[in-house]
Amino acid sequence: DRLLSAEEIAAVTEIILFSFMDSGVSDLSGIEYFTSLTNLYCEANNLTSLDLSKNTALTELKCADNKLTSLDVSGCIDLKQLSCYNNQLTTLDVSNNTALNILECSSNRLTSLDVSNNTALKYLGCYENQFTSLDVSNNSALTTLYCSYNQLTSLDISNNTALFDLSCHNNQLTSLDLSNNKALTDLSCSDNQLTSLDVSNNTALKNLWCYENQFTSLDVSNNSAL
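Residues numbered from 1 in each chain as written. Predicted model: local features only at pLDDT ≥ 70, side-chain atom pairs only at ≥ 80, totals over all residues. Heavy atoms only, no water.

Draft legend 1. Focus on the nonpolar core. Ranked by internal contacts, the top residues of the largest apolar core, which has 58 residues, are L61, L71, L92, L103, L145, L166 and L176. Dropping the residues within four chain positions of it, L166 is found in contact with L145, L155, I157, L178, L184, D186, L187 and S188. (Core = buried A, V, L, I, M, F, W, Y, C linked by side-chain atoms within 4.5 Å. Buried < 20%, exposed > 50% of the residue type's maximum accessible area, 1.4 Å probe, protein only. Contact = heavy atoms within 4.5 Å.)

Structure follows, in structure tokens:
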């Protein structure tokens, strides 16, 4: 082992710390000194906290499959991809990450998620959390939304006209308005409490899963691509 010089540290743009075993890295103290870091891959380790607030050049972060209870990306204003699924996060602040276009935070313990500032977001995976509500009204660029296995009672996707893949199964939805989602090709809304489902405007729809609901009829006469 040897220490890196200041010049060597400044030259580092990518760090890969991936472990297949349970003896992975548990502490990334000192990561703040790598100010030129753009890509950090530290999946499948034993990290419980990760403070990247000083890593302002970061554009891609993959820290899934850890034991994170806290994650600070407040200073990562150029962050475009964040994958932090399968951790123990109860909060996640991405309000400063306005360049974010991919966010995968599924399988955590989040009770809420504010993505109102993330107008560039195209992919949002937030399934298997504890949401009772999710506001995606500001995310008009969104093409993929996976929010299944939460506790959502409503979901407004009227502003998400670019959406082509929606998975919202295993929630508590009583209604789902798809009238503005004409680009939709894949829809999974099973295991909800829907009493009706109107897919007459969704002529691009190819795949539809809607079992375990409460409607007694379904009209797919306009869905020739199904």
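Draft legend 2. View of the side chain of N171. With respect to the helices, strands and loops of the structure, N171 is situated in the loop between strand 10 (165-167) and strand 11 (186-188). Residue classification places N171 among the buried residues on the basis of a relative accessible area of 7%. Sequence-distant contacts of N171, defined by excluding residues within four places in its chain, comprise C147, S148, Y149, N150, Q151, L152, D191 and N192. (Helix = DSSP H or I, 4+ residues; strand = E, 2+ residues; numbered from the N terminus.)

Draft legend 3. Representation of unusual backbone geometry in the model. For Y149, which is not a glycine, the phi torsion comes out positive at approximately 55°. Within the secondary structure layout, Y149 lies in the loop between strand 9 (144-146) and strand 10. In this model, D191 sits at a positive phi of 55°, which is unusual for a non-glycine residue. Mapped onto the elements, D191 comes out in the loop between strand 11 and strand 12 (207-209). A relative accessible area of 28% places D191 in the partly exposed class.

Draft legend 4. Just a nonpolar patch on the surface, in detail. Together, L218, V220 and L226 give the surface a local cluster of nonpolar side chains, amounting to about 210 Å² of exposed area. Relative to the elements of secondary structure, L218 occurs in the segment after strand 12. (Patch = residues over 30% accessible without salt bridge, like charges linked within 9 Å, V, L, I, M, F, W, Y side chains within 5 Å. Areas by Shrake-Rupley, 256 points an atom, 1.4 Å probe, with all protein chains shown as cover. Salt bridge = Lys/Arg side-chain N within 4 Å of Asp/Glu carboxyl O.)

Draft legend 5. The arrangement of a negative patch on the surface in detail. A contiguous patch of negative charge on the surface is contributed by D93, D114, D135, D156, D177, D198 and D219. Take D135: its relative accessible area is 48%, and that puts it in the partly exposed class. (Lys, Arg positive; Asp, Glu negative; His and termini not counted. Charge placed at Lys NZ, Arg CZ, Asp CG, Glu CD.)

Draft legend 6. Just the environment of S112, in detail. Position of S112 relative to the elements: it lies in the loop between strand 7 (102-104) and strand 8 (123-125). Considered as a pair, S112 and S133 are 21 residues apart in the sequence and their alpha carbons are 7.1 Å apart.

Draft legend 7. The arrangement of the pattern of salt bridges in detail. A full pass over the atoms with the stated rule returns one salt bridge. The residue K62 makes a salt bridge to E60 at a minimum N-O spacing of 3.6 Å. On the accessibility criterion, K62 (30% relative accessible area) is partly exposed. On the accessibility criterion, E60 (14% relative accessible area) is buried.

Draft legend 8. Structural context of the packing of aromatic side chains. Scanning the entire structure with this criterion turns up one aromatic pair. Seen from their ring centres, Y123 and Y146 are 5.7 Å apart, and the 90° between their planes marks the pair as edge-to-face. Here Y123 is found in strand 8, whereas its partner Y146 is found in strand 9, with 23 residues between them in sequence. Residue classification places Y123 among the partly exposed positions, given a relative accessible area of 23%. Given the relative accessible area of 23%, Y146 is considered partly exposed. (Phe/Tyr/Trp six-rings, centres within 6.5 Å; stacked < 30°, edge-to-face > 60°.)

Draft legend 9. Representation of the sheet that holds strand 2 (residues 39-41). Taking strand neighbours across the sheet as the criterion, the 10 strands line up as 1-2-4-6-7-8-9-10-11-12 in an open arrangement whose pairing is parallel. One side of each edge strand has no neighbouring strand; the edge strands of this open sheet are strand 1 (14-16) and strand 12. Taken pair by pair, the neighbouring strands of this sheet meet at an average axis angle of 5°, ignoring direction. Examined bridge by bridge, strand 9 and strand 10 share three bridges and lie parallel to one another. When the sheet's bridge partners are listed, Y146 is paired in strand 10 with S167. (Pairing = 2+ DSSP bridges. Axes fitted to C-alpha atoms, helices over the stretch in contact; angles between N-to-C directions.)

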